Amino acid sequence: MTQLETAIRGGTVVTAEGMIRADVGIAGGRVVALAESLPDAARVIEADGLWVMPGGVDSHCHIEEAQPGGGANEESFVTASRAAFAGGTTSVVCFIPQWKGGGLLERLADVEARAAHAMLDHAFHQIITDPTDAVLERELPQVVAKGIRSLKAFLTYDSMHLDDGQFLKVLVAAKRHGCLVTVHCENYAAINWRIEALLAAGMTAPKYHAWARPPVVEREATHRAIALAEVVDQPIQIFHVSCVEAADEIARAQARGVKVWGETCPQYFTLTAGDMDRPGFEGAKFMCSPAPREAEEHARVWEMIRRGVLDIVSSDHCAFSFEGTAGKRQNGDASFAVIPNGIPGLTARLPLVFSEGVAKGRISPEHFVRLTATNPAKLMGLWPRKGGIHIGADADIALWDPTRRTRLTNALMQHAIDYTPYEGIEVTGWPLRLLRRGEVVMADGEVSAEPGSGRYLPRAPYPMVAPRGVVPFGFDAANA
Ligand code: URP
Ligand code: ZN
Ligand code: ZN
């Protein structure tokens, strides 16, 4: 047997397929042995009573994203790495922006330079906001050649929104290049129309964010995104599904055999529209899009998770401090329409899914691993290197105490942000140690990785996102 550098002894290994009592042997940063009992290694980590699970893969994080007006998201690759490790996550997929009127390549170089400081392993989605022929024909092939295999389309937001014709162009380009398309589904015109009416009526407080974008605008855009993807025969993932109305659209399409996957986030089973109605300006701390819904929606979201319609839980970490020049309150107590959208959640994701899911008996431990590590790794083309504990996988391993109770505080998040929307929530289950490629990067909350030690994860073509070969009337307009 290969000389072991590390042995994790005495724990219960939890993977997508099952739970077994096994020791894990690590050499060269990878898992090289799984056995009832392993010989001594240079370093032994005792895991009696702990669950040995794959490090989390968070496939939807906005980290140090540059903004068109200058500056970037407050959460840098270094602070995000710390936050992720504190919560048991070892890999992320984050975003390369495109600004309307701009190209892809100059932004790619900027993101690469920023991400070079990460401790987390990372891959990128390419956002497309301006799908000109030059962008899709000249620049996109070079982006794909760098191992970027997912494109992100927004159907709302003034600075990001694609109309149907533009969205079709993105779907066609993705099909030609073997990429997944991920989509933010909300109806742009309906939201802007409601915002104008709300502001005209003097309804400006943070709680009106939810009134501006009710479930019907999410359902409509989800339906439309799926229909257009079906016309092109291009696999898509619907990001941050907040409500059963949108999830129903996904379920119906999945039943027809369409390759569509649904992601949800912890905010959609822990926060509510009522949180945006907290006294003063506090409600701004809970503003993200889609908006958190009524409390009754939480059980419906869990049912869609249980059924597998929603098969990934990401954080959609998109963090703005409350105070500060780039924060939620940068315009004073101004109208909801100018408060930046997004909340931090990188650290809290795994504890919240574990606590609300496994500890409350809604899902099995194996289902937890599928939702938070294995499924995102597979859908993003990172499997089998990431997302599992098997021979040859990167030794990204979290040692969990499944019974430990923790009250969430902002200090525990270890992010660059001055608040957490999950303040005060008590969770059961907590990661005590974390290994990234065999190196202990977090022990009892102490993060010890070197900036720059994270690796970029280029992605090769992968069959999961291949088209089905089913197009209307057998006519493949994308390849005509
Ligand atoms: O409010 C959110 N979710 N902000 C992040 C950007 C996005 O829409 O994913
Ligand atoms: Zn979005
Ligand atoms: Zn997002």
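Because the structure is a prediction, the values reported are computed rather than measured. (Residues numbered from 1 in each chain as written. Chains lettered and ligands numbered in written order. Predicted model: local features only at pLDDT ≥ 70, side-chain atom pairs only at ≥ 80, totals over all residues. Heavy atoms only, no water.)

Chemist: Explain the sheet that holds strand β4 (residues 23-27) here, please?
Modeler: Two modes of strand pairing occur in sheets, parallel and antiparallel, and in both the strands are linked by backbone hydrogen bonds. Spatially, the 4 strands line up as an open sheet ordered β5-β4-β1-β6, and their pairing is mixed. Looking at the sheet topology across the chains shown, the edges are occupied by β5 (30-35) and β6 (43-46). Sheet twist, expressed as the mean angle between neighbouring strand axes with direction ignored, is 20°. With 4 bridges connecting them, strand β1 (residues 6-9) and β6 associate as parallel partners. Within β6, the position partnered with I8 by the bridge is I45. (Pairing = 2+ DSSP bridges. Helix = DSSP H or I, 4+ residues; strand = E, 2+ residues; numbered from the N terminus. Axes fitted to C-alpha atoms, helices over the stretch in contact; angles between N-to-C directions.)

Chemist: Help me understand the coordination of the zinc ion (ligand 3), please; the structure alone is not making it clear to me.
Modeler: For a metal bound by four donors in tetrahedral geometry, the ideal donor-metal-donor angle is 109.5 degrees, whereas six donors in octahedral geometry ideally sit at 90 or 180 degrees. Here the zinc ion (ligand 3) is held by the protein donor atoms H60 (NE2), H62 (NE2) and D316 (OD), which lie 2.0 to 2.2 Å from it. Taken together, the 4 donor atoms surrounding the zinc ion (ligand 3) define angles of 86 to 127° at the centre, an arrangement classified as tetrahedral. The distance between the zinc ion (ligand 3) and the zinc ion (ligand 2) is 3.8 Å. Across the pair, H62 and H60 agree in class, each one buried. (Donors = N, O, S within 2.8 Å, 3.2 Å for Na, K, Ca; no water. Tetrahedral: all angles 85-135°; square planar, octahedral: opposite > 155°, others 65-115°. Buried < 20%, exposed > 50% of the residue type's maximum accessible area, 1.4 Å probe, protein only.)

Chemist: So what exactly am I meant to see when it comes to helix α8 (residues 244-255) here?
Modeler: Quick reminder: α-helices carry 3.6 residues per turn. Residues three or four places apart thus point the same way. Between its first and last C-alpha atoms α8 spans 16 Å; for 12 residues at 1.5 Å apiece the expected length is 16 Å, and the two agree. All buried positions along α8 are accounted for by V244, A246, A247, E249, I250, A251 and A253. On the buried face of α8, the contacting elements are α7 (215-232), β13 (236-238), β14 (260-264), α10 (296-307) and β15 (310-313). Trailing α8 by a residue or two, G257 shows a phi angle of about 95°, which is positive. (Expected span 1.5 Å × (residues − 1). Contact = heavy atoms within 4.5 Å.)

Chemist: Would you mind going over the sheet that holds strand β9 (residues 89-96) with me for this structure?
Modeler: Across the sheet, 8 strands lie side by side as β8-β9-β10-β11-β12-β13-β14-β15; this open sheet has parallel pairing. Strands at the two margins of the open sheet, each flanked by one partner only, are β8 (56-58) and β15. Sheet twist, expressed as the average angle between the axes of neighbouring strands with direction ignored, equals 30°. Both β13 and β14 contribute to a ladder of 3 bridges, which runs parallel. Bridged to Q237 within β14 is W261.

Chemist: Could you clarify how one ought to interpret the pattern of salt bridges in this entry?
Modeler: Opposite charge on two side chains permits pairing when their charged atoms draw close. Overall, the coordinates contain 34 salt bridges when judged by the stated rule. Across the pair R252 and E249 runs a salt bridge, and its minimum N-O distance is 3.2 Å. Note that R252 and E249 are positioned in helix α8 at a spacing of 3 residues, about one turn of the helix. Between E282 and K285 there is a salt bridge whose closest N-O contact spans 3.2 Å. Judged by its relative accessible area of 29%, E282 falls in the partly exposed class. Given a relative accessible area of 16%, K285 falls into the buried group. Within this structure, R30, D121, R385, K386, D394, D396 and R437 form a network of salt bridges that share partners. (Salt bridge = Lys/Arg side-chain N within 4 Å of Asp/Glu carboxyl O.)

Chemist: Explanation requested: helix α4 (residues 164-177) in the structure shown.
Modeler: For α4, with 14 residues, the first-to-last C-alpha span of 20 Å sits near the 20 Å given by 1.5 Å per residue. Buried within α4 we find F167, V170, L171, V172, A173, A174 and K175. On its buried face, α4 is in contact with α3 (133-145), β11 (150-154), β12 (180-184), α7 and β13. Measuring from the side-chain oxygen of the N-cap residue of α4 to the backbone nitrogen of G165 gives 3.1 Å; that N-cap residue is D163. (Polar contact = N/O pair within 3.5 Å; in protein donor to acceptor, adjacent residues only side chain to side chain.)

Chemist: Help me out: how do you make sense of the packing of α8 against α10 in this one?
Modeler: The relative placement of two packed helices is expressed as an angle between their axes plus a distance between the axes. For the pair α8 and α10, interaxial distance at closest approach is 10 Å and the crossing angle is 20°. Between α8 and α10, the angle falls in the class roughly parallel. Relative to α10, α8 is oriented so that their crossing is left-handed. Of the residues in α10, those in contact with V244, A247, D248 and A251 of α8 are E297, R300, M304 and R307. Each residue belonging to the contact of α8 with α10 can be placed in one class, and the counts come to 4 nonpolar, no polar and 4 charged. (Parallel < 35°, antiparallel > 145°, perpendicular 65-115°, else oblique. Left-handed = near helix turned anticlockwise from the far one by under 90°. Nonpolar A, V, L, I, M, F, W, Y, C, P; charged D, E, K, R; others polar.)

Chemist: Got a minute to help me understand the side chain of T374 in this structure?
Modeler: For T374, the location among the structural elements is in helix α12 (residues 365-379). For T374, a relative accessible area of 2% puts it in the buried group. A polar contact is formed between the side chain of T374 and the backbone oxygen of G387, at a distance of 2.7 Å. Beyond its immediate sequence surroundings of up to four residues, T374 is in contact with A16, V369, W383 and G387.

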